[in-house]
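Chains, contacts and geometry: an overview
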Amino acid sequence: MPRLKVLFVASECVPFAKTGGLADVVGALPRALADHGHDVRVVLPRYRAARRHPADKLDAMVGVPLGGGTAWSAVWTAHMGTSSARAYLLEHDRLFDRDGIYDDAHGEFGDNLSRFTFLSRGAIELCRMLDFRPDVIHVHDWQASLVPLYLDTIEAGSPIADAATVLTLHNMGYQGGFDPAGLSQTGLGWDDYARDLERGGRINLLRAGIRRSTVVSTVSPRYASEIQTPEGGEGLDAEVRARGGDVIGILNGIDDAAWDPETDRHLPAHFSANDPSRKEECKAALQRELGLPERPRVPLLGVVSRFAHQKGIDIIAGTLERLLVRDVQLVVLGAGESWAEEVFRRLSRTSDCVRAHIGMNEPLAHRIEAGSDLFLMPSRYEPCGLNQLYSQRYGTLPIVRAVGGLDDTVENGATGFKFTELSSDGLLAAIDWALGTYRNAPAQFRAMQIRAMRKPMGWGHASRQYEALYRLAMGKRRAQRRR
Ligand code: ADP
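Since we're looking at a predicted model, the values are computed, not measured.

1. A closer look at the site of the ligand
In the region of the ligand, 19 residues are neighbours, and Gly-21, Asp-24, Arg-306, Lys-311 and Gly-359 sit closest. Between an oxygen atom of the ligand and a main-chain N or O atom of Gly-21, the distance comes to 2.6 Å. Between the ligand and Leu-386 there is a distance of 2.9 Å, counted from an oxygen atom to a backbone nitrogen or oxygen. In isolation the ligand has 560 Å² of accessible area, and contact with the protein removes 94% of it. Of all elements in the fold, only helix H1 (21-35), strand S16 (300-307), strand S17 (329-336), helix H12 (362-371) and helix H13 (387-393) reach the threshold of two or more residues within the shell around the ligand. Ranked by residues supplied to the shell around the ligand, first place goes to S16 with three residues.

This is how it looks when you write it as structure tokens:
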């Protein structure tokens, strides 16, 4: 098979910028594809935080059309891990030299439409500058959703428009909604707005991506069907349904280089399915690190999560009073809604069985995955979810709500515990089942842990599925362009 030229356009990519799972996927999938011999490049903004990472500055600059003028951008490039995949970081200080990726303590940035228009148009201009003619442009979420629309409008006559586009939906809850007064930033016209962008009287970037990309994918098969319903479609279900067979679900993998308890550099001791004994040391070290009593036999429950409605953080909060009398320990890492930050901060001070760390902390996330016995994820909806994959890999059995990717990736009673009812009672019943297994059937609990750890979850399989999707999209795009 001839190798493919693939351009990823995304707002996050590990290690340069991360707020959630999108960054993990965009950091890992390109490397897996490059390891299969493809020419893979990733474009993202050079946020202030991304400057910490070594990169080389290209000699030439890219001129990005923005709001009737040109935003000049320096371009920095870096290898992605040990693979041949390359990241390109577009630098424009007015838009990106600030703390935060989408928002700060005052809320969402008011110029996000300009910032991500810059990303989408900048990606296209970068291809021209590098003389890179991608077979496929793989765009992620609303932040890159203008690319497919540009190829069909402003760029329709240029060679880059031959590229097939794949839009991956990582979370339909975020759509890029803006006041139509900002349309001039994009260079698009009111006819484009009316046809592809308008939703409820506002610009909706994701809508354009769903309508215009050659194929649409999402990060689990179950979420692919959920988003076609009014309950799961967040107002765009009709658009998704209209794409019919063009919408497919591919489960995320996990990055073996970063998330393997046998080699994880953030852990105090290493273990595996073949030799799980030192997991206990990780638990003891976590208890010490967070100032919890060092009690090997008390079940330790972990949470690593954005504190957001989607994640059911309120559902966890609703169990606390009843949970904490069950002789358990709870460690929580996260940030987000301030009421939740306050609840966990306060409990952390007042309870001797809860410790919370508010903020982003990658090393601690690894140590919680490794040191806990059980992991809580009572999401309202979950496109794929990575933490339940990490926890299975680390022998920490996830307790999850049976939705989206959580349902697709956890085997009930075999590699984790599922519940359906969206309530604290529902979660607590599943926790009780898990605690009962831990305390009364330790051999069964251990067998479940081993089974979870043995599950193949790397990017090998998923990256082959994306390759097949790219080829399908290329065929469709060729047919479209011939018409
Ligand atoms: P989402 O992208 O919806 O937030 P995922 O489960 O797909 O949820 O991915 C979340 C990713 O972000 C995981 O890699 C998780 O470990 C990480 N993460 C979330 N919150 C924190 C935090 N406070 N500190 C460190 N990592 C975090």
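2. Details of the domain arrangement of the protein chain
Domain assignment breaks the protein chain into domain 1 (5-253 + 460-482) and domain 2 (279-453). Summarising the inter-unit geometry, the C-alpha centres of domain 1 and domain 2 are found 32 Å apart. Taken together, the contacts link 18 residues of domain 1 with 18 residues of domain 2. Counting the surface lost from both domain 1 and domain 2, the interface buries some 1400 Å², and carbon and sulfur atoms represent 53% of this. Inspection of the domain 1/domain 2 interface yields two salt bridges. Here Lys-18 and Glu-362 are joined by a salt bridge, their closest N and O atoms 3.5 Å apart. For the pair domain 1 and domain 2, the interface holds ten residue pairs in polar contact (both at pLDDT 80 or more). Sorting the residues of the side of domain 1 that touches domain 2 by element identifies H1 and helix H7 (221-226) as the ones contributing at least two each. Here the element with the most residues in the side of domain 1 that touches domain 2 is H7; it accounts for four residues. Split into classes, the residues belonging to the side of domain 1 that touches domain 2 amount to five nonpolar, eight polar and five charged.

3. Regarding the environment of Pro-261
Relative to the elements of secondary structure, Pro-261 occurs in the loop between strand S15 (247-249) and helix H9 (279-290). Residues Pro-261 and Cys-384, 123 residues apart in the sequence, show an inter-C-alpha distance of 21 Å. Ignoring anything within four residues of it in the chain, the contact list for Pro-261 reads Leu-267, His-270, Phe-271, Arg-393, Tyr-394 and Met-453.

4. Things to note about the packing of aromatic side chains
A complete count under the given rule lists 14 aromatic pairs for this structure. Note on Tyr-223 and Tyr-381: the rings are 6.3 Å apart at their centroids and 10° apart in plane angle, and the pair reads as stacked. In this pair, Tyr-223 sits in helix H7 while Tyr-381 sits in the loop between strand S19 (374-377) and H13, placing the two residues 158 residues apart along the sequence. An identical accessibility class is assigned to Tyr-223 and Tyr-381; each is buried. For the pair Trp-259 and Tyr-390, a centre-to-centre distance of 3.7 Å together with 5° between the ring planes defines the contact as stacked. Here Tyr-390 lies in helix H13 and Trp-259 lies in the loop between S15 and H9, a separation of 131 residues in the sequence. On the basis of relative accessible area, Tyr-390 is assigned to the buried category, the value being 3%. An aromatic cluster is present here, built from Tyr-102, Phe-116, Trp-142 and Phe-178 joined pairwise through their rings. Sitting over the face of the ring of Tyr-150, Arg-121 holds its NZ or CZ atom 4.9 Å from the ring centroid.

Basis of the calculations
- Residues numbered from 1 in each chain as written.
- Predicted model: local features only at pLDDT ≥ 70, side-chain atom pairs only at ≥ 80, totals over all residues.
- Heavy atoms only, no water.
- Near = heavy atom within 4 Å.
- Polar contact = N/O pair within 3.5 Å; in protein donor to acceptor, adjacent residues only side chain to side chain.
- Areas by Shrake-Rupley, 256 points an atom, 1.4 Å probe, with all protein chains shown as cover.
- Helix = DSSP H or I, 4+ residues; strand = E, 2+ residues; numbered from the N terminus.
- Domains from an automatic or database assignment.
- Contact = heavy atoms within 4.5 Å.
- Buried area = accessible area lost by both parts, 1.4 Å probe.
- Salt bridge = Lys/Arg side-chain N within 4 Å of Asp/Glu carboxyl O.
- Nonpolar A, V, L, I, M, F, W, Y, C, P; charged D, E, K, R; others polar.
- Phe/Tyr/Trp six-rings, centres within 6.5 Å; stacked < 30°, edge-to-face > 60°.
- Buried < 20%, exposed > 50% of the residue type's maximum accessible area, 1.4 Å probe, protein only.
- Lys NZ or Arg CZ within 6 Å of the ring centre and 35° of its normal.

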